[in-house]
Amino acid sequence: MPTDCIGIDIGYGFTKTCRADDKRIFPTAITMMTKENTFADISPIVVNGQRFLVGKDAEREGNTIDTRQSGFVTSDAWLAVLGHCFRVNDFVNGEIVLGVPPGVFSRKYSRRILDAIRASDIRVNGEPYRVRGNVRIIPQGAGIFFRHIQDQPGDLQRNVAVIDIGHNTVDMVFFAQGRYVESATESQEIGVSLVLHSIMKAFYREHRLAIDSEAALGILQGKQVTYMGDAYAIEVREEIEGYTKSISSVISRYLEKLPLHPDLGIIGGGGAAIRDLLGSRNLLVVSEPAMANAIGYWYYARNAQQGDSRG
Ligand SMILES: Nc1ncnc2c1ncn2[C@@H]1O[C@H](COP(=O)(O)OP(=O)(O)OP(=O)(O)O)[C@@H](O)[C@H]1O
Ligand SMILES: [Mg+2]
């Protein structure tokens, strides 16, 4: 019987999981549970004795932990997100593929992550959760490449640049004939949260009303904000143009600096949904861009496992 596989993409903004056709996404929000919750019975994820709420539950409680600190990956809070992924997926045992920011990806660091996972006491629904099976760690962005290869197997032989537009960062990685080129990795803090913030500011300037980033995303997607029954219009073309210009120049510079001439550029991540990001350049948007990393990890897990069983 084939082993169960799961691809897990823990981003600064959202966590995405893929297990065959079952795909999930929740905000990467974590908060420490300090008081007993008397109304709703939310069950925390317990890591090394600390109780955490994750996702929507954490957002509701507030006081969420800043995921942008350098020590986030391998921290107890990060392990709680992992535990939450296992819980929502009912994932007990199998092949796990995890992505980490390409800037920190290295053999040594992968070891540290694996050690943190194995040495920690993670409790899900009160039960100790043992991570059995294989855990593989690959750079974020690689999933987008593997997802693309499902659609275009021939591109495995070409030089492919991948641009992962996330919430906080834009990560860029390069594959030359199917091999990951570690030295050609670049990460810039110009994720979608930048444009969301400038939309929030513009809205406040115009209406003296504070909106959250979810409402700002709605505006970006052309929706209207309503407050106490009134609709509030806002023009954000300038904000979007300013953002797409700076992202475009970062991408151009990256492509020009690559050690080999790229044949193709692929865009993925939630930010790929910004319509006028691409301009006229020859960039392709991967299928299901926001989920693409997680889906690609799942393909990777499945192939690795088939490879193992063939010997
Ligand atoms: N239709 C859309 N148009 C524009 N932006 C969108 C759309 N849908 C989602 N986004 C935004 O895309 C952003 C990036 O999402 P993504 O899940 O790729 O980030 P992440 O992986 O959590 O972040 P990072 O890669 O920085 O760790 C989010 O800020 C989200 O609000
Ligand atoms: Mg991401």
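For clarity, every value in this text was computed on a predicted model and none was experimentally measured.

1. Focus: the overall build of the chain
Next up, step 1: On a plain count of helices and strands, the chain comes out with eight helices and 18 strands.
Next up, step 2: Here the chain has a C-alpha radius of gyration of 20 Å; the compact-globule value for 311 residues is 19 Å, and the two agree.
Next up, step 3: In terms of overall dimensions, the chain has a C-alpha envelope of 60 × 60 × 30 Å along the principal axes.
Next up, step 4: Looking at the chain as a whole, 39% of its 311 residues are labelled buried.
Next up, step 5: A fraction of 69% describes how many contacts in the chain between residues 6 or more apart in sequence connect residues 24 or more apart.

2. Remarks on the pairing of strand 6 (residues 50-54)
Next up, step 1: One ladder, built from three bridges, connects strand 4 (residues 30-32) with strand 6; its direction is antiparallel. Residue Ile30 lies in a different strand from strand 6, and its bridge partner there is Val54.
Next up, step 2: As paired strands, strand 5 (residues 45-47) and strand 6 are joined by three bridges and run antiparallel to one another. By the bridge assignment, Val46 is partnered in strand 6 with Arg51.
Next up, step 3: Counting the residues between successive antiparallel strands, the hairpin from strand 5 to strand 6 contains two residues, one of them, Asn48, with a positive phi of roughly 45°.

3. Some remarks on the nonpolar core
Next up, step 1: In this structure, Ile8, Ala80, Val162 and Tyr297 are the most contacted members of the largest nonpolar core, which totals 72 residues.
Next up, step 2: Contact partners of Ala80, with chain neighbours within four places excluded, come to Ile30, Ile45, Val47, Phe52 and Val54.

4. Some words on the site of ligand 1
Next up, step 1: Inspection of the region around ligand 1 gives 20 residues, with Gly11, Gly13, Gly166, Gly270 and Ala273 positioned closest.
Next up, step 2: When the residues that make up the shell around ligand 1 are grouped by side-chain class, the tally is eight nonpolar, 12 polar and no charged.

5. Focus on the sheet that holds strand 4
Each strand in a sheet pairs with another by means of backbone hydrogen bonds, the pair being arranged parallel or else antiparallel.
Next up, step 1: A sheet is described by the order of its strands in space; here five strands give the open sequence 4-6-5-8-9, paired in antiparallel fashion. Edge positions in the open sheet fall to strand 4 and strand 9 (127-129), since each of these has one partner strand only. When strand polarity is set aside, the average angle formed by the axes of neighbouring strands in this sheet is 35°.
Next up, step 2: Relative to strand 9, strand 8 (residues 122-124) runs antiparallel, the two being bridged by three bridges. Across the sheet, the residue bridging to Ile122 is Tyr129, located in strand 9.
Next up, step 3: Packed on one face of the sheet, helix 2 (residues 76-89) meets strand 4, strand 5, strand 6, strand 8 and strand 9 and runs near 140° to strand 5.

6. Considerations on the environment of Asp21
Next up, step 1: By secondary structure assignment, the location of Asp21 is in the loop between strand 2 (14-19) and strand 3 (22-27).
Next up, step 2: The spacing of Asp21 and Leu114 is 93 residues in sequence and 26 Å in space, taken between C-alpha atoms.

7. Observations concerning the packing of helix 5 (residues 193-207) against helix 6 (residues 213-220)
Next up, step 1: The N-to-C vectors of helix 5 and helix 6 enclose an angle of 95°; their axes lie 9 Å apart at closest approach. The orientation of helix 5 with respect to helix 6, classified from their angle, is roughly perpendicular. Residues Ser193, Val195, Leu196, Ile199 and Met200 of helix 5 touch helix 6, and the partners they reach there are Ser213, Ala216, Leu217, Ile219 and Leu220.
Next up, step 2: Residue composition of the contact of helix 5 with helix 6, by class: eight nonpolar, two polar and no charged.

8. Regarding the domain arrangement of the chain
Next up, step 1: Segmenting the chain into domains produces domain 1 (5-142 + 293-309), domain 2 (151-190 + 247-287) and domain 3 (193-237).
Next up, step 2: Relative to domain 2, the C-alpha centre of domain 1 lies at a distance of 25 Å.
Next up, step 3: Across the boundary between the two partners, domain 1 contributes 13 residues, which contact 12 residues of domain 2.
Next up, step 4: In the side of domain 1 that touches domain 2, the residues fall into six nonpolar, six polar and one charged.

9. Re the packing of helix 5 against helix 7 (residues 237-257)
Next up, step 1: Orientation of helix 5 relative to helix 7, taken along the N-to-C sense of each, is 160°, at an axis distance of 9 Å. When the axis of helix 5 is compared with that of helix 7, the two are roughly antiparallel. When you trace helix 5 past helix 7, the crossing you get is right-handed. Within the contact between the two elements, helix 5 uses Leu194, Val195, Ser198, Ile199 and Ala202 and helix 7 uses Glu239, Ile240 and Tyr243.
Next up, step 2: Its residues assigned to classes, the contact of helix 5 with helix 7 comprises six nonpolar, one polar and one charged.

10. A few points about helix 2
Next up, step 1: If you check helix 2, its first and last C-alpha atoms are 20 Å apart, about what 14 residues at 1.5 Å a residue would give, namely 20 Å.
Next up, step 2: Counting buried residues along helix 2, 11 of its 14 residues qualify, which places the element largely inside the surrounding structure.
Next up, step 3: Within helix 2, burial applies to Asp76, Ala77, Trp78, Leu79, Ala80, Val81, Leu82, Gly83, His84, Cys85 and Phe86.
Next up, step 4: Count one or two residues on from helix 2 and you reach Asp90, which has phi positive near 55°.

Cut-offs used in this document
One numbering rule holds for all chains: residues counted from 1, following each sequence as written. Chain A is the first chain written and ligand 1 is the first ligand written, with later ones labelled in order. Local features in a predicted model are, by the rule used here, given only for residues with pLDDT of at least 70; side-chain atom pairs are given and counted only at 80 or more, and totals for whole chains, interfaces and linings are based on all residues. Under the DSSP-based scheme used, a helix requires at least four consecutive residues in state H or I and a strand at least two consecutive residues in state E, with every element numbered from the N terminus. For this measure, only C-alpha atoms enter the radius of gyration; the expected value for a globule follows 2.2 Å times N^0.38, where N is the number of residues. The burial label depends on the number of other C-beta atoms within 10 Å of a residue's C-beta. Counts of 20 or more mean buried, 12 or fewer mean exposed, and intermediate counts mean partly exposed, with C-beta atoms placed from the backbone. Each residue gets a C-beta atom placed from its backbone, and two residues are in contact if those atoms lie within 7 Å. Following DSSP output, two strands are said to pair if at least two bridges run between them. The term nonpolar core refers to a group of buried residues, namely Ala, Val, Leu, Ile, Met, Phe, Trp, Tyr and Cys, whose C-beta atoms join them within 7 Å. Only the C-beta atom matters for this test: placed from the backbone, it must lie within 6 Å of a molecule or strand for the residue to be near it. Think of it as three bins: nonpolar holds Ala, Val, Leu, Ile, Met, Phe, Trp, Tyr, Cys and Pro, charged holds Asp, Glu, Lys and Arg, and polar takes everything else, Gly as well. Here the axes come from fitting lines to C-alpha atoms, over the contacting stretch only for helices, and the angles between their N-to-C directions go from 0 to 180 degrees. Comment on the angle field: the value is read as roughly parallel under 35 degrees, roughly antiparallel over 145, roughly perpendicular from 65 to 115, and oblique elsewhere. Per the annotation, domain bounds derive from an automatic or database assignment of domains. Put simply, a crossing is left-handed when the front helix is turned counterclockwise from the back one by less than a right angle, and right-handed when it is turned clockwise. Any helix carries an expected span of 1.5 Å times its number of residues minus one.

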